[in-house]
Amino acid sequence: MIHAFVAGLFLFAAAIASAVEIRLATFNIGAAFDTSGGEFVFTHGIGQQGTQDHDSVAAILARIDADVVALQEIHSGDLSQDLGDLAARLGYPHIHVSNLNRAFDTTLRVTLLSRFPFLNPTSIVSPTGAKEITRNHPAVTVDVPGTDRDPIIITAHLKAGTASSDRFRRAVEMRRLVDFLDQPGVAETENWIVLGDFNLSGAPSVFNALPSGLPTTYSLGSDVTVPVAYHTDPILYFKNRKPFRLDPRQLDGSPSTFNTSQSGGSAIDLVMISPALASRPVLPEIYNSGFDGSNAAGLPKAGLPLAASTSAVASDHYAVFTDLELDGADHYAFTAQGETIREDFTGFLGVVDPQRWTTHGENWLGRDDGGSGLPGFRSYGEFQQGSLGYLQGNGPGVAIATFGNASPTLLSTLEITLSAEVRRVVENGTADGFTVDLLAGNEIIPLPALDFAAGGNGNLTARASGLHIMPGDDFGLRFQFFRGDGPQIPADVFINEFHYDNAGGDVGEFVEVVVGPGFSGALEEVVLVLYNGASGQSYGTRALSEFAAGALTPSGHRLFTTDVVLQNGSPDGIALVSGGEVLEFLSYEGIFTATDGLAAGVVSTDVGVTQNGSEPAGESALGLTGNGGGASAFAWTKFVGIPHSPGQPNAGQTFTNLPPAQGISIDDLEVTFLPGGGDFDSDGDGMSDDHEVIFGTDPGDANSVYRITFNRPDASTVRLAFPTTAGRIFTVQTSIDLVAWETEETISGDGLGRELDFPVDPEVGPVFYRIRAEWE
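Within each chain, residues carry numbers counting from 1 in the order of the written sequence. This being a predicted model, a pLDDT of at least 70 is required before a residue's local features are given, and a value of 80 or more before pairs of side-chain atoms are given or counted; all residues contribute to the totals for chains, interfaces and linings. Calculation of side-chain values draws on the structure's entire complement of heavy atoms; hydrogens and water are dropped beforehand.

**Student:** I tried to follow the overall build of the protein on my own but got confused; where do I start?
**Tutor:** Regarding its fold elements, the protein presents six helices and 49 strands. Sorting the 776 residues of the protein into buried and exposed places 53% on the buried side. Pairs of residues are marked as contacts when any of their non-hydrogen atoms sit within 4.5 Å. In the protein, of all internal contacts separated by at least 6 residues, the share reaching a separation of at least 24 is 70%. Charged side chains of the protein number 41 positive and 95 negative; the gap between the two group centres comes to 6 Å. Helix and strand assignments follow DSSP, with helices taken as H or I runs no shorter than four residues and strands as E runs no shorter than two, numbered in order from the N terminus. Partly exposed describes any residue whose relative accessible area lies between the buried limit of under 20% and the exposed limit of over 50%, with all areas from a 1.4 Å probe on protein chains only and scaled to the type maximum. Within this scheme the basic residues Lys and Arg register as positive and the acidic residues Asp and Glu register as negative, but His and the chain ends are omitted. Charged side chains are reduced to one point each, which is NZ for Lys, CZ for Arg, CG for Asp and CD for Glu.

Shown next as structure tokens:
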């Protein structure tokens, strides 16, 4: 009798779970009003089904096809039937209307419609004893199928108007909204959204006392004390849980959400999302039927394009909608050989680490078209496109993508492709780039075929083989951004800071100029020229040699400053000229062409920030911030509330003697789990890697071998002994011809050894034994 052992293997692949997505919309439907009686009287919001108002709103909402819709300016008269008719028509069985507790406006209501049930619907109201909120804010948790990360949604319609009292009331209304989110347990969920019509118009203000013009019944809660700050940036109201404001656009790139009667309106209808949502793809859009000519344009929509006039007929606001992913994941997961994981960063906002990635280095700066010189991480791209980008600052940046082997198979070979690009191209910039390593356990495997430097080929491919990534194990791709060598020491001469307007009579006006360490010319050859934007004519010049010397930075940059009277804009400008060459021609509050002087014929470049005449004297100058050696490395900003710093580096500014950095992006990453690794025997022990994984031995250790032993406890018995591994099923089979096999025993592995006895039949010829292993 011959007893033989044959090992077998059965593999399977788990299915990939898809992310749970939700589409949200906010729409101020623009209630209709009647002034025929000499008063401003709202008559209806939605109106009856069959009317132009009702049908145009319904058409837009049907075209957007959102799962949850926030509606503002729902008339109290709409609640008896019109709102229900609209919801039923569009397939929204769940309705939540703000209550009227201690609200000023009892006519126009704020509403949420949903395809999914509401959990814990409530309204954010003024505290007991106070009356502050114009229209109470509805707040709900939406029970979305397929996820346990149900989102909290808050919608608001803040007090309109630009008067001091209006701005004060909006500030308090935002305070109440933020207080609600800051309650323990309310927003512990990672998914929360704040959206609606925020009417954030007028100038930022600080109120040291209650303003005049408040309603006679207005009563401020005792927990609110002056000073009260009014911000036109809603994010500034949030302290503990800061959201990110989306930047939705119409299909022509306009950010306007208001005034459908003409182009160029304001953006007052907003969507703000939690950091967790911002780490996943976010795709917002402002719906303007005037651009709705094709189902191939913008985000997917239901039905056919609408008539161009529909938005203008429906409301004086445009609807805003966005697609969000509710489920997060800490790594990309392979479930079978042959799979390719793709990441193109579509919808990535660039404000926090993208899901499945971790970064180290500079801060996240948001979306960037390549125009910003601020160092840090960002998402390079426009509209819905994105990428993972980095601009060098004080040190290197590191980004790591984490992958998991969720298959039942050893992962031994990967193919990786990606595209790299210089997204901020700077003349004479450094040859910045990145290196790539694969991190597997304690092993660091360089992938030089994926390394990139500015000026090189941006379509990169590498293959990593001989890996030993077991089922259930993670691995990472690490991108390390570096600062490359530059061609020369910075020689730029550029305007660094200036002040031209403040509250009351203008005082302390100045211009500051920086001279790079590589500049070898004479200071008297550099001339500052002042220009009047109305005529394009110069109204003064001053040689740099007449400026007062300021700081000499460790990098060798010299700062010079001069007191000078500057005109107040709309527009005006200043130019730097050296030896007849216009180094810079900057303007503020607009663009114009110089008609005389040393910059004659040159078109100005607007710095993009302004002073409005309300800033305190000695504060809020315009200047450059960032890190680098030349002008292109920095970005213009307004130093709100920060004292002027003539002759000194600006706030947030660091000079280096390196040439300007160039922004690098990673995009279109594809990682493929190549099949065929099961036949590879890494340790040469005679058993393939895949077989070792399924039987529970180490494919990288030749001494780790799956062993089966036989012995004869007596003349009539053969004893089979073998190890088991938890999570596997072991099947013992016998055969007398190696063709037909019979199952003798099936065992669930637990990490312990097993012994099985089989009788010996002298009448039977050779008997073969084998053990098959499969995943439980």
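**Student:** Help me understand the confidence of the model for the protein, please; the structure alone is not making it clear to me.
**Tutor:** Detailed reading of the predicted model is not advised wherever pLDDT is low. Summary of the metric used: pLDDT quantifies the predictor's per-residue confidence within the range 0 to 100. Chain-level statistics for the protein give a pLDDT mean of 90 and a share of 95% at 70 or above. Taken as a whole, residues 1-17 scores under 50 in pLDDT and shows 55 contacts with residues more than four places along the chain or in a different chain.

**Student:** Please explain the pattern of salt bridges as it appears in this structure.
**Tutor:** Where side chains of opposite charge bring their charged atoms close, a pairing between them can arise. Counted as salt bridges are all cases of a side-chain nitrogen of Lys or Arg within 4 Å of a carboxyl oxygen of Asp or Glu. Scanning the entire structure with this criterion turns up 25 salt bridges. One salt bridge in this structure joins Glu 132 and Arg 176, with 2.7 Å as the shortest N-O distance. One end of the pair, Glu 132, is in the loop between strand E8 (118-124) and strand E9 (137-142); the other, Arg 176, is in helix H3 (residues 164-181), with 44 residues separating them in the sequence. Both residues of the pair, Glu 132 and Arg 176, count as buried. Across the pair Arg 175 and Asp 179 runs a salt bridge, and its minimum N-O distance is 3.1 Å. Residue Arg 175 and its partner Asp 179 are both found in helix H3; the two are separated by four residues, about one turn of the helix. In this structure Arg 175 comes out as partly exposed when scored by relative accessible area, which is 31%. We classify Asp 179 as partly exposed; its relative accessible area is 27%. Through salt bridges with shared partners, a single ionic network connects Glu 132, Arg 175, Arg 176, Asp 179 and Asp 223.

**Student:** Explain the nonpolar core to me, please; I cannot follow it from the model alone.
**Tutor:** Soluble, globular proteins show a tendency: their nonpolar side chains are buried together. Of all hydrophobic cores here, the largest spans 42 residues; its most connected members are Phe 403, Phe 434, Leu 438, Leu 477 and Phe 481. Breaking this core down by element, the ones donating at least two residues are strand E18 (332-334), strand E23 (388-391), strand E24 (397-405), strand E25 (414-424), strand E26 (433-440), strand E29 (459-464), strand E30 (474-482) and strand E43 (663-673). By size, the runner-up hydrophobic cluster in this structure holds 30 residues, among which are Ile 124, Ile 154, Trp 192 and Leu 270. Put simply, buried Ala, Val, Leu, Ile, Met, Phe, Trp, Tyr and Cys residues joined by side-chain atoms within 4.5 Å make one nonpolar core.

**Student:** I tried to follow the side chain of Ser 419 on my own but got confused; where do I start?
**Tutor:** You can see Ser 419 is positioned in strand E25. Judged by relative accessible area, Ser 419 falls into the buried class, the value being 17%. Ignoring sequence-local partners within four residues, the contact set of Ser 419 consists of Gly 458, Asn 459, Ser 665, Ile 666, Asp 667 and Asp 668.

**Student:** Quick question: what am I supposed to make of the side chain of His 557 here?
**Tutor:** The residue His 557 is located in the loop between strand E35 (548-552) and strand E36 (558-563) in this model. Those residues in contact with His 557 that sit more than four places away from it in its chain are Pro 490, Val 514, Val 515, Gly 516, Pro 517, Ala 551, Leu 552, Gly 629, Phe 655 and Thr 656.

**Student:** Explanation requested: empty space enclosed by the protein in the structure shown.
**Tutor:** Empty space among the atoms becomes apparent when a probe as large as a water molecule is rolled across them. Cavities and pockets were defined on a 1 Å grid built over protein atoms only: a cavity is a set of grid points that admits a 1.4 Å probe from which the probe cannot escape, a pocket is an open set flanked by protein on both sides within 12 Å along at least five of seven lines, and lining residues are those with an atom within 4 Å of any such point. Grid points are joined across faces, edges and corners, and a volume is the space filled by probe spheres set on the points. Inspection of the entire model under this criterion finds one cavity of 30 Å³ or more. In this structure, the largest cavity spans a volume of roughly 30 Å³. Leu 251, Glu 285, Ile 286, Tyr 287, Asn 288, Phe 291, Asp 292 and Lys 301 are the residues that line the largest cavity. When residue character is reported, Ala, Val, Leu, Ile, Met, Phe, Trp, Tyr, Cys and Pro are called nonpolar, Asp, Glu, Lys and Arg charged, and the others, Gly included, polar. Across the lining of the largest cavity, the residue classes tally to four nonpolar, one polar and three charged.

**Student:** Mind showing me how you'd approach the layout of surface pockets here?
**Tutor:** Each pocket or cavity is described by its volume, and for the largest pocket that value is around 1200 Å³. Lining of the largest pocket is provided by 28 residues; of these, Pro 204, Thr 232, Asp 233, Leu 236 and Val 640 occupy positions nearest its centre. Where the lining of the largest pocket is concerned, the elements lending two or more residues are strand E12 (205-207), strand E13 (228-230), strand E14 (244-245) and strand E41 (634-638). Taken together, the residues of the lining of the largest pocket sort by class into 13 nonpolar, nine polar and six charged.

**Student:** Could you clarify how one ought to interpret the packing of aromatic side chains in this entry?
**Tutor:** How two aromatic rings sit relative to each other is set out by the distance from centre to centre and by the angle between their planes. Stacked, edge-to-face and tilted are the three classes for Phe, Tyr and Trp ring pairs, Trp counted by its six-membered ring, which pair at centre distances within 6.5 Å; planes under 30 degrees apart are stacked, over 60 edge-to-face, the rest tilted. One pass over the structure, following the stated rule, counts 32 aromatic pairs. Note on Phe 434 and Phe 452: the rings are 5.7 Å apart at their centroids and 35° apart in plane angle, and the pair reads as tilted. You can see Phe 434 sitting in strand E26 and its partner Phe 452 sitting in strand E28 (residues 452-453), a full 18 residues away along the chain. For the pair formed by Phe 434 and Phe 452, the shared burial category is buried. Aromatic pair Phe 695 and Tyr 706: ring centres 4.7 Å apart, planes at 50°, arrangement tilted. Of the two residues, Phe 695 sits in helix H6 (residues 689-695) while Tyr 706 sits in the loop between H6 and strand E44 (709-714), which places them eleven residues apart along the sequence. Note on Phe 695: relative accessible area 1%, which makes it buried.

**Student:** So what exactly am I meant to see when it comes to the sheet that holds strand E33 (residues 526-532) here?
**Tutor:** Note: strands within a sheet are paired through backbone hydrogen bonds, in either parallel or antiparallel orientation. A sheet is described by the order of its strands in space; here five strands give the open sequence E34-E33-E37-E38-E39, paired in mixed fashion. Across the chains shown, the open sheet's two edge strands, defined by having one partner strand only, are strand E34 (538-543) and strand E39 (605-606). When E33 meets E34, the two strands line up antiparallel, connected through five bridges. Looking across to E34, one finds that Val 529 is bridged to Thr 541. When DSSP finds at least two bridges between two strands, those strands are taken to pair.

**Student:** Explain the packing of helix H1 (residues 52-64) against helix H2 (residues 82-90) to me, please; I cannot follow it from the model alone.
**Tutor:** Packed helix pairs are specified by the crossing angle of their axes together with the interaxial distance, meaning the distance between the axes. Where H1 contacts H2, the two axes come as close as 10 Å, and the packing angle between them is 35°. When you trace H1 past H2, the crossing you get is right-handed. For the pair formed by H1 and H2, the contact residues are His 54, Asp 55, Val 57, Ala 58, Leu 61 and Ala 62 on the first element and Asp 82, Asp 85, Leu 86, Arg 89 and Leu 90 on the second. When grouped by side-chain class, the residues that make up the contact of H1 with H2 number six nonpolar, one polar and four charged. Interaxial angle, 0 to 180 degrees, is taken between N-to-C directions of lines fitted to C-alpha atoms, where a helix line uses only the stretch in contact. For a crossing to be left-handed, the near helix must be turned anticlockwise from the far one by less than a right angle; the clockwise case is right-handed.

**Student:** Would you mind showing me how to read the sheet that holds E9 here?
**Tutor:** Ordered in space as E8-E9-E10-E11-E15-E14, the six strands form an open sheet in which the pairing is mixed. Whereas interior strands pair on both sides, the edge strands pair on one side only; in this sheet they are E8 and E14. Examined bridge by bridge, E8 and E9 share five bridges and lie antiparallel to one another. Bridged to Ser 123 within E9 is Pro 138.

**Student:** Sorry if this is basic, but what is going on with the environment of Ile 574 here?
**Tutor:** Within the secondary structure, Ile 574 sits in strand E37 (residues 572-578). Distance in space between the C-alpha atoms of Ile 574 and Asn 532 is 8.8 Å, their sequence separation being 42 residues. Among all residues touching Ile 574, those that are not within four sequence positions of it are Ile 495, Phe 498, Val 511, Leu 528, Val 529, Leu 530, Leu 566, Glu 584, Phe 585 and Leu 586.

**Student:** Honestly, the pairing of strand E45 (residues 717-723) in this entry has me stumped. Any pointers?
**Tutor:** On a regular strand, one side chain projects to one face of the sheet and the next to the other, so that they alternate. With five of its seven residues buried, E45 lies for the most part within the structure. As judged from the four bridges shared by E44 and E45, these two strands associate in the antiparallel manner. Its bridge partner being in E45, Thr 709 is matched across the sheet by Ala 721. Taken together, E44 and the strand that follows it, E45, pair antiparallel across an intervening segment of two residues.

**Student:** Which parts of the structure should I look at to understand unusual backbone geometry?
**Tutor:** A negative phi angle is the norm for most residues apart from glycine, just as the trans form is the norm for most peptide bonds. Put simply, Val 226 and Pro 227 share a cis peptide bond, and its omega is 5°. Inspection of the secondary structure assignment puts Pro 227 in the loop between E12 and E13. Between Ser 570 and Pro 571 the backbone carries a cis peptide bond, its omega angle lying at -15°. Here Pro 571 shows up in the loop between E36 and E37. Even without being glycine, Glu 73 reaches a positive phi, approximately 65°. Structurally, the position occupied by Glu 73 is in strand E5 (residues 68-75). Given the relative accessible area of 12%, Glu 73 is considered buried. Of note in the backbone geometry, Glu 589 takes a positive phi value of approximately 70° without being a glycine. Looking at the secondary structure, you find Glu 589 in the loop between strand E38 (581-588) and E39.

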